[in-house]
Amino acid sequence: MNFDDVVDRYNTNCLKFDFKKERNKPEDIFPMWVADMDFRCPPEVINDLKARVEHGIFGYSDVDITYFRALYSWYLTHFNVKLQRDWLFNTPGVVFALATAVKVFTKENDYVLINNPVYNPFSEVIEDNKRKIMSSDLINNNGHYKIDFVDLENKIKEYNIKLYLLCSPHNPVGRVWSKEELDKIVEICKRYNVFIVSDEIHSDFVYEGKHICMLNYQDYLDNIIVCTSPSKTFNLAGLQTSNIFIPNQNVRNKFMKEVWATGYSNINALGLVACKSAYEHGDKWLKELIEYLKGNVKLVEEYFRENLPNIKVTHPEGTYLLWIDFSGTNLIDEEVTNKLTYEAKLWLNSGIKYGKSGKGFQRLNIALPRSELQHALEKIKEVFG
Ligand SMILES: Cc1ncc(COP(=O)(O)O)c(C=O)c1O
């Protein structure tokens, strides 16, 4: 696999490249925002999709045992988890599952716990469903983010928290939570009977440490849902297929009823093929991708250190999203965003999107060919250097 290849994504209904005008961005801006990659997916996946497309009938589809086996083997090999067939429920996206969980486990005006700065749809699914956000903000300890366990427990008590949306690994701060940290989360949640919905969509992007799947917490499985998808790992987001694991049968029934109430019932026929194929054949491709992304991380870190020392890159343990601290430029967020957008002609996500604690930061997607990343860095240097 040659990740250096630059693939033209224009005219593919690509959210990043084809809809700049609709999102009030200049036509010549280079997009480094939404979390998909500018790499083609594994060749085996493309071949399996081609074969399926050749068949020519795309009727209603469902999951068979071979699909489950592909997931089972991936989770056993990568995360030491033995999935059970009846835990699996498919939704068209992880965010859809988070929104469903909010509706199942809380009532209007209840508080839902999150850790800002976090992927913005966490807040959106809470507020759009008329619940309230309670953030136990992460502590930024000199560029290393930590959970404030005292604050977390206090907020759970004070706001009668019943649902915690956990981002693991964490987008955008790039933490891969350690076993000690997850043990502590479970210990606190047990004490107050808090249900944990763990969004593990970034679990395959780990550079340091080890991702621990929440399905490893055997004695708390009745109170855990794990949301997964091959969409980030293999760049399949447009195929709208996610795998949600719900060990407790009553919880699963409630969750399924809530999903059916939306009118959604059948999995995407092509998403099904791509997901199975990726988990069956994508291991080697993923290993190469991780090495390539590590190289991109190194490039960005070294470039900023050498050329723009007042802009600090948060060292990522995982994910391909870099969390960059521009506060040392002494510019306000709007000025930073304007400079990036109209002078450097680069489209990043402003950190403020992820909660107030994202102030001063920008999120940069580095899942792209190195030559393009290098070019983007040079433009940042021209404008901020
Ligand atoms: C933490 C996290 N969860 C969920 C998603 C999106 O998932 P989906 O497209 O399956 O709704 C993203 C995409 O960036 C993400 O970063």
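Residues numbered from 1 in each chain as written. Predicted model: local features only at pLDDT ≥ 70, side-chain atom pairs only at ≥ 80, totals over all residues.

(A) Main features of the overall build of the protein chain. Scanning the protein chain from terminus to terminus reveals 12 helices and 15 strands. Counting only C-alpha atoms and orienting by the principal axes, one finds that the protein chain spans roughly 60 × 55 × 35 Å. Within the protein chain, the fraction of its 385 residues that count as buried is 43%. The contacts of the protein chain with a sequence gap of at least 6 include a subset with a gap of at least 24, amounting to 72%. (Helix = DSSP H or I, 4+ residues; strand = E, 2+ residues; numbered from the N terminus. Buried ≥ 20, exposed ≤ 12 C-beta atoms within 10 Å, placed from the backbone. Contact = placed C-beta atoms within 7 Å.)

(B) View of the site of the ligand. Around the ligand, 13 residues are found, and the nearest of them are Ala35, Gly93, Val94, Val95 and Asn171. Each residue belonging to the shell around the ligand can be placed in one class, and the counts come to seven nonpolar, five polar and one charged. (Near = placed C-beta within 6 Å. Nonpolar A, V, L, I, M, F, W, Y, C, P; charged D, E, K, R; others polar.)

(C) Quick look at the nonpolar core. Of all hydrophobic cores here, the largest spans 109 residues; its most connected members are Leu98, Leu163 and Val197. Tallying contributions element by element places helix 4 (residues 94-105) first for this core, with seven residues. Shared between two domains, this core holds at least three residues of each, these being domain 1 (15-42 + 283-384) and domain 2 (57-281). Excluding its chain neighbours within four sequence positions, the residues that come into contact with Val197 are Leu98, Ala101, Leu163, Leu165, Leu166, Ile225 and Cys227. (Core = buried A, V, L, I, M, F, W, Y, C linked by C-beta atoms within 7 Å. Domains from an automatic or database assignment.)

(D) Local environment of the domain arrangement of the protein chain. Taken domain by domain, the protein chain holds domain 1 (15-42 + 283-384) and domain 2 (57-281). Centre-to-centre separation of domain 1 and domain 2, based on C-alpha positions: 25 Å. The interface of domain 1 with domain 2 comprises 28 residues on the first partner and 32 residues on the second. When residues of the side of domain 1 that touches domain 2 are traced back to their parent elements, those giving at least two are helix 10 (283-307) and strand 12 (321-325). For the side of domain 1 that touches domain 2, the element with the highest residue contribution is helix 10, accounting for five residues. Per-class residue counts for the side of domain 1 that touches domain 2 are 14 nonpolar, eight polar and six charged.

(E) Geometry of the packing of helix 11 (residues 333-344) against helix 12 (residues 370-384). Look at helix 11 against helix 12: their axes get within 10 Å of each other, and the N-to-C directions meet at 115°. It follows from the interaxial angle that helix 11 and helix 12 lie roughly perpendicular. Judged by the sense of rotation from one axis to the other, the crossing of helix 11 with helix 12 is right-handed. On helix 12, the residues touching Lys339, Glu343 and Ala344 of helix 11 are Lys379, Ile380, Glu382, Val383 and Phe384. Residues of the contact of helix 11 with helix 12, tallied by class, amount to four nonpolar, no polar and four charged. (Axes fitted to C-alpha atoms, helices over the stretch in contact; angles between N-to-C directions. Parallel < 35°, antiparallel > 145°, perpendicular 65-115°, else oblique. Left-handed = near helix turned anticlockwise from the far one by under 90°.)

(F) Spatial organisation of the environment of Asn80. Along the polypeptide, Asn80 turns up in the loop between helix 3 (65-79) and strand 2 (88-91). Along the chain, Asn80 and Cys213 lie 133 residues apart, while their C-alpha atoms are 8.4 Å from each other.

(G) Region of interest: helix 8 (residues 249-261). Its 13 residues give helix 8 an end-to-end C-alpha distance of 18 Å, which sits within 8% of 18 Å, the value for a rise of 1.5 Å per residue. Downstream of helix 8 by one or two residues, Gly263 has phi in the positive range, about 95°. (Expected span 1.5 Å × (residues − 1).)

(H) View of unusual backbone geometry. Pro117 follows Asn116 through a cis peptide bond whose omega is 0°. Structurally, Pro117 can be placed in the loop between strand 3 (111-114) and helix 5 (121-128). A cis amide bond links Asn171 to the next residue, Pro172, at an omega of 20°. Of note, the phi angle at Asn11 is positive, near 60°, even though the residue is not glycine. In this structure, Asn11 sits in the segment before helix 1 (15-18).

(I) Examining the sheet that holds strand 15 (residues 361-365) more closely. If you trace the four strands from one edge of the open sheet to the other, you get 11-12-15-14, paired in antiparallel fashion. Each edge of the open sheet carries a strand with a single partner, namely strand 11 (312-313) and strand 14 (349-350). Two elements, strand 12 and strand 15, share five bridges in a ladder whose sense is antiparallel. Looking across to strand 15, one finds that Trp323 is bridged to Arg363. (Pairing = 2+ DSSP bridges.)

(J) Seen up close, the pairing of strand 10 (residues 242-245). Of the two faces of strand 10, the one holding Ser242 and Ile244 and the one holding Asn243 and Phe245 are both buried throughout. Relative to strand 10, strand 2 runs antiparallel, the two being bridged by four bridges. In the sheet register, Leu88 faces strand 10, and the bridge partner there is Phe245. Relative to strand 10, strand 9 (residues 224-228) is paired through three bridges, and the arrangement is antiparallel. Looking at the pairing, Cys227 lines up with Ile244 of strand 10.

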